[in-house]
Amino acid sequence: MTILLWLALTPILIVLMGSAFSSAMVPGLDLGIWEPPLWPAEHTDSEGKVQSYKEGGRFQNPWMNERPSPARFFLSWFTGPDESNIPGPAELNETLPVKAPVWLSDPNFTMSNARLTWLGHATTLAEIEGSAILTDPMFSARASAVQFAGPKRYTAPACKVKDLPPLAAVLVSHNHYDHLDLGSVSRLAELQPNISWFVPAGMAKWLKDNTVVSGEKVHEMTWWQEEQLEGTSIKIVFTPANHWCKRSVADDNQMLWGSFAVIGQTKRFWFGGDTGYCEAFKQIGEKYGPFDLAAIPIGAYQPNWFMKYQHVHPGEAVEIHKDIGSKQSLGIHWGTFKLTTENYLEPPALLNTFLNKSG
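All of these numbers come straight from a predicted model, not from anything done at the bench.

Draft legend 1. The arrangement of the pattern of salt bridges in detail. Applying the stated criterion to the full structure yields 13 salt bridges. Between Lys217 and Glu230 there is a salt bridge; the shortest N-O distance is 3.2 Å. One end of the pair, Lys217, is in the loop between α6 (204-210) and β8 (218-221); the other, Glu230, is in the loop between β9 (226-228) and β10 (235-239), with 13 residues separating them in the sequence. Look at Lys217 and you get buried, because its relative accessible area is 12%. Look at Glu230 and you get exposed, because its relative accessible area is 57%. Several salt bridges share partner residues, and in doing so they unite Asp45, Glu47 and Lys49 into one network.

What follows is the structure in structure tokens.
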């Protein structure tokens with residue numbers, strides 16, 4: 001009898017525990033701009049710019065020092081409010097229609113001097129001074145180590161890997177499965193062996209061990225490192241971001257994470273990858289801005305008491321847009337996977353609201 005009573009009460013207890021240990025969800029309209037602690041002065045350069053560093057073989061992120069326990073987040077995930085409300089395919093075709101990119105829809109397509117195309121999640125194709133540069137390739141059905149489980153896309157990518165135009169470079173911001181997808185990377189390496197790959201410190205070995213990418217085509221980078229894109233006048237810079245890395249049980253932060261600045265002779269593009277807000281964006285703007293184009297994340301921010309340590313909300317994305325001096329920015333990292341609990345259409349709506357507030 002006691003066992004049966006315990007089994008009956010367990011779901012109620014879980015809900016009560018989730019409520020007790022979770023902070024109240026702040027509505028998107030009421031979210032403020034988070035200010036993490038300043039990066040330690042001993043890990044900045046002579047100009048005060050943040051520098052990546054390791055302790056015990058792992059990269060450190062002091063901006064995240066006060067982040068609550070992930071266990072507390074997952075408890076709230078199962079027991080707290082969920083406002084995502086993602087509908088079925090028919091309604092999604094109306095509210096989030098996926099359109100073919102210009103290189104498939106325009107028979108007269110030629111590479112642009114400056115154009116940015118969102119292909120889904122954090123995957124974009126930037127055309128800069130006639131070169132095509134792909135970011136965080138993710139074309140698979142699931143963001144997971146396996147394709148039978150894990151977060152599943154609710155919107156398809158705008159094209160398939162085989163449909164991409166000839167690429168000069170691929171930029172990878174970090175190693176999370178929704179940004180570094182083995183199936184997509186492997187297919188790209190097979191179809192376009194001449195791509196130059198720009199990746200964070202610690203990732204080159206993974207890329208060479210798991211794909212047919214040639215080692216001479218991989219450029220492993222730390223924050224503020226600059227590399228020339230072969231055959232062009234374009235410079236690729238690995239810039240900081242406020243995030244973290246993990247791909248298996250015990251490999252936390254053994255690889256670095258970051259963002260990218262693409263510097264041409266006349267055009268400049270910045271890719272934000274995945275990030276919380278921090279002081280680094282003003283530093284990026286001061287050193288490399290203004291930018292003609294930027295891809296800035298705007299989704300996966302609720303519950304904000306936990307997500308603010310690693311993901312910006314739309315209001316913070318507006319601040320990044322201003323910090324880096326972007327002339328035109330594209331909101332990414334939304335409308336593809338259910339990773340958090342805000343309404344699936346809230347990010348762009350909230351972005352407009354914060355833009356109007358910002359003037």
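Continuing now.
Draft legend 2. Examining the pairing of β8 more closely. Both strand β7 (residues 196-200) and β8 contribute to a ladder of four bridges, which runs parallel. Bridge pairing in β8 links Trp197 to Val218. Where the polypeptide runs from β7 across α6 and back to β8, its parallel neighbour, the crossover connection is right-handed.

Draft legend 3. Region of the structure containing the environment of Phe260. Considering the arrangement of structural elements, one finds Phe260 in strand β11 (residues 259-263). Overall, Phe260 belongs to the buried group, its relative accessible area being 0%.

Draft legend 4. Main features of the packing of aromatic side chains. Applying the stated criterion across every chain yields a total of 16 aromatic pairs. Centre to centre, the rings of Trp63 and Trp223 are 6.4 Å apart; their planes meet at 20°, and the pair counts as stacked. On the criterion of sequence distance, the pair formed by Trp63 in the loop between β2 (58-59) and α2 (70-79) and Trp223 in the loop between β8 and β9 is long-range, its members being 160 residues apart. The class of Trp223 is buried, set by a relative accessible area of 4%. Ring pairs connect the aromatic residues Trp39, Tyr53, Phe59, Trp63, Trp223 and Trp257, which therefore count as one cluster. Over the face of the ring belonging to Trp224 we find Lys49, whose NZ or CZ atom lies 5.4 Å from the ring centre.

Draft legend 5. Representation of the pairing of strand β12 (residues 268-271). Note that β11 and β12 share four bridges and pair antiparallel. For Ile263, the partnering residue across the bridge sits in β12 and is Arg268. Between β11 and β12, which follow one another and run antiparallel, lie four residues. Direction of pairing for β12 relative to strand β13 (residues 291-297): parallel, over a ladder of three bridges. Counted as the bridge partner of Trp270 is Ala294 from β13. Tracing the backbone out of β12, into helix α7 (residues 280-288) and back to the parallel element β13 gives a crossover that is right-handed.

Conventions used here
Residues numbered from 1 in each chain as written. Predicted model: local features only at pLDDT ≥ 70, side-chain atom pairs only at ≥ 80, totals over all residues. Heavy atoms only, no water. Salt bridge = Lys/Arg side-chain N within 4 Å of Asp/Glu carboxyl O. Helix = DSSP H or I, 4+ residues; strand = E, 2+ residues; numbered from the N terminus. Buried < 20%, exposed > 50% of the residue type's maximum accessible area, 1.4 Å probe, protein only. Pairing = 2+ DSSP bridges. Right-handed = clockwise from strand over helix to strand, strands pointing away. Phe/Tyr/Trp six-rings, centres within 6.5 Å; stacked < 30°, edge-to-face > 60°. Lys NZ or Arg CZ within 6 Å of the ring centre and 35° of its normal.

Scope: geometric values only; no functional claims are made or implied.
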